Amino acid sequence: MRKIIFTAMAIGIMISGYAQAPQLGKASVDEVIKAMTLEEKVDLLVGAERREGDFMNPVIGETMSLVQGAAGTTQPIPRLGIPAVVMADGPAGLRIAPIREGTAETFYCTAFPVATLLAASWNPVLVENVGNAIGNEVLEYGVDILLAPALNIHRNPLCGRNFEYYSEDPLLAGKTAAAFVRGVQSKGVGTSLKHFAANNQETNRGSNDVRITQRALREIYLKGFEIAIREAKPWTVMTSYNKINGVYTSESRELLTTILRDEWEFEGTVMTDWNGGIDAPAQIYAGNDLLMPGIIAQRDNILQAVKTGKLSEKDVDTDVRRILNMILKSPRFKGYQFSNKPDLKAHADLTRASATEGMILLKNNQNALPLKDKNIAVFGITSYEFIAGGTGSGDVNEAYTISLGEGLKNAGFTNNKRVQEIYDKHIAAEDEKNKPDPSNPWAMYMPRIRPAEFIPAVASLNQAAAESNTALITIGRTSGEFSDRKLPDDFNLSTVEQELITNVSKAFHAAGKKVVVILNIGGVIETASWKEQTDAILLAWQPGQEGGNSIADILSGKVNPSGKLPMTFPVNYMDIASSANFPYDAPPPGLSSFMSAQPTEVEKKEPERNIDYTLYEEDVYIGYRYFDTFGKEVSYPFGYGLSYSAFDYSQAKVKKNGANYVVSVVVKNTGKTAGKEVVQLYVSAPDAHIAKELRAYAKTNVLQPGESEEITLSINTADLASFDAVANAWIVAAGDYLFHFAASSADIKSTLKIKVAQKLLTEAHDVLKPQGKIVVLGK
């Protein structure tokens, strides 16, 4: 009896203790922190996964807690009313488990177009609408924070994750990311801006040291993050795996406190990428508040550092406060009753429309498109094995994907039956040969082996040309995390692909028929060597689950393409300024490529260039900044894209309004088809170190033939600045500036001159300095 009474009393005391302890949301955050034990504080700083610290786990998060298939959760502390919050990928739509044990319900999400396509729309309103829809799925599936968007710069076309990123230009990347964040967070859920910063290669991403000048870092690689943070206020920022000038980003107080918080006034939470960084106490001191997905050793190391005085409990409290403020905003804390029933039908309609807006018409000789006849012959493996999106953390578990063949059929096109049968037979044989190894734990994260491309016999091609009025050839490329792309059979077309284009073009042109190439790709490929053989080229990207319908909408003329390139297509890979400073010839990745940083590092006698460290010797000369400044020929310039219509620019003018320059131009549709145009405003500074830089842009509404619209843009004088590392300041030089209205970086329509009377200087902190001299390009 005594034992029973004692137990009852203990339970009563425990319940009383819970009741008396400050509760998050009822007491102030400071009161809750004061009531926390050191162990509870550290629990909150380390994610709830709590694996043993061997670091040899996949760095794509996956948890079965709360929301199955989500990436991870924070640690709950029930005593203080602190719930766990759930985080899930990703950039092209929510990634959670679609099927779960114990229920017949499904939990599919919408696969939206990859990020690069969204940027190619040059339409922040459309991107915000996509974000809004994804935010709805995040909310209704019980997730609190979406681990997106990703906005690292397209420094080099071979970066394996470029499909998740927006552009080679920081303004376009930052504005696109800001729109996405606004859309998602309008639903009361959070986002995580990633990967902060300079995550521009997958090869040895866990310990690669980016060696870069302060100017290039601030003007190119940090600027997009700054724009998105100032304009959209994301709940969280995710640090990258790499180092910058010798220090891991997640351990860099100069990056996470001095720049992010002191200069940019970011008030949210910073988290690691999954298993990112090495030194947990250093991460906490730096201002990396949350270590995900959580490793037991991290908790132990932080506790030990505080107890020995190597880490101040004040720094721990600062990071805890930021996490608690994040939790207070979350749907889970607010008790939102999620439905598991988002409007997937409406979102499918949106993804179909959004994909068409970012597709780019690269070539259209003699109006080969839109197709006038629906009797076609469809060639290329990818025509039948359509690529909706990338793999890894950027993947989505969608209910279905509309292939190109299905989309064409839905639009009333008829594929040549003989050609269809040839490809069906070949693909069946290839799929049987390429079945994934069920014993390989990485198989689910990697792109599956696709059927090998092949060339139908000449007789078959001639027969198809006699029977069909147009040939469609689809060239495809998968995209994914963990490894970078290569030159052979990837950036460059394979020999078989080249011969396929040549042989099909010969057969159809001999019969007086047209040849259209569709590029179902996630990043830049070489086009200069084969584009002249074709009549039209449509860059369709990886357009999401409705992609087949979206492509058919453009081919049929239902939609007039209005996308513009968010990067430059070079003539050759070696024309790119960063080509020599990228691991384009590195050996195939081993197991270490799938991992984050290791808990201890073995110093090599000779660190390997482009693997252990990468020199950003091209400095600020990325993409069009390089090609335009140094007069290099390109295959397709930045900002380029054709339309089924034509547009005229007129009445350009500028006026000063306080610190802003307000510029405007009238755009008129002079063609015969309704369409949209993207107005791009480039600025040439008086110092002329860079030929010109994008400073603003806008997309017109749909203009009917003969209709005009005045586009007005505003540029703050401070936005004309470049960074001077000697002065540690952003400087707007005095002198004459040229404002160029353009349809692409190579197609200037009108130029205005403005004068800045006196130099404007804005001081910055002298941080993130390179450890040694970097020899950079110069004009």
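Residues numbered from 1 in each chain as written. Predicted model: local features only at pLDDT ≥ 70, side-chain atom pairs only at ≥ 80, totals over all residues. Heavy atoms only, no water.

(A) Unusual backbone geometry, seen in detail. Residues Lys-194 and His-195 are joined by a peptide bond in cis, for which omega reads -5°. Assignment of secondary structure puts His-195 in strand 4 (residues 190-196). Here Leu-369 and Pro-370 are connected by a cis peptide whose omega angle stands at 0°. Relative to the helices and strands, Pro-370 resides in the loop between strand 10 (360-364) and strand 11 (375-379). One non-glycine residue, Asn-204, adopts positive backbone phi at about 55°. (Helix = DSSP H or I, 4+ residues; strand = E, 2+ residues; numbered from the N terminus.)

(B) Quick peek at the pairing of strand 20 (residues 660-669). Of all 10 residues making up strand 20, 8 are buried, and the element is well covered by its neighbours. The hairpin formed by strand 19 (residues 647-657) and strand 20 contains 2 residues between the paired strands, and Gly-658 there has a positive phi angle of roughly 65°. Two elements, strand 20 and strand 23 (residues 708-716), share 9 bridges in a ladder whose sense is antiparallel. Residue Val-662 lies in a different strand from strand 23, and its bridge partner there is Ser-714. (Buried < 20%, exposed > 50% of the residue type's maximum accessible area, 1.4 Å probe, protein only. Pairing = 2+ DSSP bridges.)

(C) Fine view of helix 20 (residues 495-510). The terminal C-alpha atoms of helix 20 lie 22 Å apart, and with 16 residues this matches the ideal 22 Å at 1.5 Å per residue to within 8%. Those residues of helix 20 lying buried are Glu-497, Leu-500, Ile-501, Val-504, Ser-505, Ala-507 and Phe-508. Residues of helix 20 that are buried make contact with strand 11, helix 17 (417-433), helix 18 (458-467), strand 13 (470-476) and strand 14 (514-520). With its phi angle positive at about 75°, Gly-512 sits one or two positions after the end of helix 20. (Expected span 1.5 Å × (residues − 1). Contact = heavy atoms within 4.5 Å.)

(D) Representation of the confidence of the model for the protein. On average, the protein scores 93 in pLDDT, and the residues at 70 or more come to 92%. In the model, residues 54-59 has pLDDT below 50 throughout and makes 27 contacts with residues more than four positions away in sequence or in other chains. Counting interchain partners and residues more than four positions distant, the pLDDT-below-50 stretch residues 591-602 has 36 contacts. (pLDDT = per-residue confidence, 0-100.)

(E) Structural detail: the packing of aromatic side chains. For the structure shown, the criterion picks out 20 aromatic pairs. A ring pair is formed by Phe-569 and Tyr-636, whose centres lie 6.4 Å apart and whose planes are at 70°; its orientation type is edge-to-face. Here Phe-569 is found in strand 16 (residues 569-570), whereas its partner Tyr-636 is found in strand 18 (residues 634-636), with 67 residues between them in sequence. Taking the relative accessible area as the measure of exposure, Phe-569 reaches 0% and is therefore buried. For Tyr-636, a relative accessible area of 5% corresponds to the buried category. Ring centres 5.3 Å apart and planes at 25° place the aromatic pair Tyr-636 and Tyr-640 in the stacked group. Through successive ring pairs, a cluster of aromatic residues spans Trp-122, Tyr-624, Phe-638, Tyr-682 and Tyr-697. (Phe/Tyr/Trp six-rings, centres within 6.5 Å; stacked < 30°, edge-to-face > 60°.)

(F) Spotlight on the packing of helix 3 (residues 38-45) against helix 12 (residues 313-329). Two elements in contact, helix 3 and helix 12, have axes separated by 9 Å at closest approach and are oriented at 55°. Between helix 3 and helix 12, the angle is such that the two are oblique. Classified by chirality, the crossing of helix 12 by helix 3 is left-handed. Mapping the contact onto sequence places Leu-38, Lys-41, Leu-44 and Leu-45 in helix 3 and Glu-313, Val-316, Asp-317, Asp-319, Val-320, Ile-323, Leu-324 and Ile-327 in helix 12. A per-class count over the contact of helix 3 with helix 12 returns 8 nonpolar, no polar and 4 charged. (Axes fitted to C-alpha atoms, helices over the stretch in contact; angles between N-to-C directions. Parallel < 35°, antiparallel > 145°, perpendicular 65-115°, else oblique. Left-handed = near helix turned anticlockwise from the far one by under 90°. Nonpolar A, V, L, I, M, F, W, Y, C, P; charged D, E, K, R; others polar.)

(G) Inspection of the sheet that holds strand 27 (residues 747-756) at higher detail. The strand order 22-21-26-27 describes an open sheet built from 4 strands, whose pairing is antiparallel. Each end of this open sheet is capped by a strand with a single partner; those strands are strand 22 (693-699) and strand 27. Pairs of neighbouring strands in the sheet enclose a mean axial angle of 20°, with direction left out of account. In the sheet, strand 21 (residues 678-684) pairs with strand 26 (residues 735-744) via 5 bridges, with the strands oriented antiparallel. Across the sheet, the residue bridging to Gln-680 is Ala-742, located in strand 26.

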